[in-house]
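Working through the structure, step by step
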Amino acid sequence: FMDVLRSKSEVFIGLDFRALENTFGDLADAIFADPEDGKRLALESISRMRGVPRHAELVMSAAQIAADADTRLDAAERSILREIRQVLGLSEAPGS
């Protein structure tokens with residue numbers, strides 16, 4: 001996933017990939033340890049971008065890239081993308 005983001009660095013200008021990778025690692029550890037609490041922590045972290053439209057859109061773009069990585073978008077992925085949009089204060093995407 002990080003390699004995909006790095007390959008789109010022109011979109012994610014100024015992003016500290018090392019810090020992002022560390023954050024993802026910490027959140028992944030939390031999700032593996034306790035899925036519900038890890039999800040809560042991840043959404044809490046994501047919600048910090050609410051109110052900063054450019055950052056919120058970048059987070060949503062990264063989430064969409066991750067969800068589309070296997071070229072299938074299942075119900076669980078659609079659900080979490082809706083939750084991410086909600087915590088970011090973004091409008092629902094067409095067809096979601």
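Structure: above.
Parameters and conventions
- Per-chain numbering applies: the sequence of each chain, read as written, is numbered from 1 onward.
- Local features in this predicted model are restricted to residues of pLDDT 70 or higher, and side-chain atom pairs are both shown and tallied only at a pLDDT of 80 or more, whereas totals for entire chains, interfaces and linings draw on every residue.
- No hydrogens and no water enter the side-chain calculation; it runs on all heavy atoms of the structure.
- Strands are runs of DSSP state E lasting at least 2 residues, helices are runs of H or I lasting at least 4, and numbering of each runs from the N terminus.
- With C-alpha atoms as the basis for the radius of gyration, the globule rule is written as 2.2 Å multiplied by the number of residues raised to the power 0.38.
- For the exposure calls, accessible area comes from a 1.4 Å probe over protein chains only, and a residue counts as buried if that area is under 20% of its type's maximum, exposed if over 50%, partly exposed in between.
- Here the nonpolar core consists of buried residues drawn from Ala, Val, Leu, Ile, Met, Phe, Trp, Tyr and Cys, with membership extended through side-chain atoms lying within 4.5 Å.
- Contacts are assigned to residue pairs with any non-hydrogen atoms lying within 4.5 Å of each other.

**Description of the overall build of the protein**
Scanning the protein from N- to C-terminus turns up five helices and zero strands. For a compact globule of 96 residues, the expected C-alpha radius of gyration is about 12 Å, and the protein comes in at 13 Å, within 12% of that figure. The principal-axis extent of the C-alpha atoms belonging to the protein is close to 35 × 30 × 30 Å. Looking at the 96 residues of the protein, the share that counts as buried comes to 24%.

**Overview of the nonpolar core**
Counting nine residues, the largest nonpolar core consists of Leu43, Ile46, Ala56, Met60, Ala63, Ala67, Leu81, Ile84 and Leu88. Of all the secondary-structure elements, those providing two or more residues to this core are helix H3 (35-47), helix H4 (53-68) and helix H5 (75-88). By residue number, the principal contributor to this core is H4, which donates four residues. Apart from the residues within four sequence positions on either side, Leu88 is in contact with Ile46, Met49, Arg50, Gly51, Ala56, Val59 and Met60. Counting residues in each nonpolar core, the second largest holds seven residues, with Met2, Leu5, Phe12 and Leu20 among its members.

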